[in-house]
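Results of the structural survey
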Amino acid sequence: CRKGKQLYLELENGELENCALLLHFMMTGAILIQGEPVPMYQKSKFDISIWPPRFCKFELITQDETRMAFVDTRRFARVSFCRGTNYLH
C-alpha cells in the first residue's frame, strides 16, 4: 500500500504475521529490484551492476530470492518496522 511518499510492505509469514515495513522515501529515496530496469526519476542515477547498490539503506530478499534495495543518495529516507494492524492510521 502506498500513501504519498510512504510505502507499507505487509509481511505475512510466521512470526511476522500482522507486521509491516514502513518505507518513507523523503526527497530522494527509491526502490531498486535486482535484474529489473532502474526507474528514472529526475536526475537520479543508480548503478545496479554492483549489488547491493551504492546508497543502499535496506535490502529485502523474498522467499523466491528476489532482491529489493531501498536506496537514498541523501540519506534522509527512513525504514521502520511496525507490529500490529494500525500502522495505516
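For the structure given in this document, a descriptive report is provided here. (Residues numbered from 1 in each chain as written. Predicted model: local features only at pLDDT ≥ 70, side-chain atom pairs only at ≥ 80, totals over all residues. Heavy atoms only, no water.)

Counting buried positions along strand β3 (residues 19-24) yields 6 of 6 residues, so the element is predominantly enclosed. Neither face of β3 is open: one carries Cys19, Leu21 and Leu23, the other Ala20, Leu22 and His24, and all of them are buried. Two strands pair when backbone bridges link them, and strand β2 (residues 6-11) and β3 are joined in this way by 6 bridges, in the antiparallel orientation. Within the sheet, the bridge partner assigned to Glu10 lies in β3 and is Ala20. When β3 meets strand β7 (residues 78-83), the two strands line up antiparallel, connected through 6 bridges. Its bridge partner being in β7, Cys19 is matched across the sheet by Arg83. (Buried < 20%, exposed > 50% of the residue type's maximum accessible area, 1.4 Å probe, protein only. Helix = DSSP H or I, 4+ residues; strand = E, 2+ residues; numbered from the N terminus. Pairing = 2+ DSSP bridges.)

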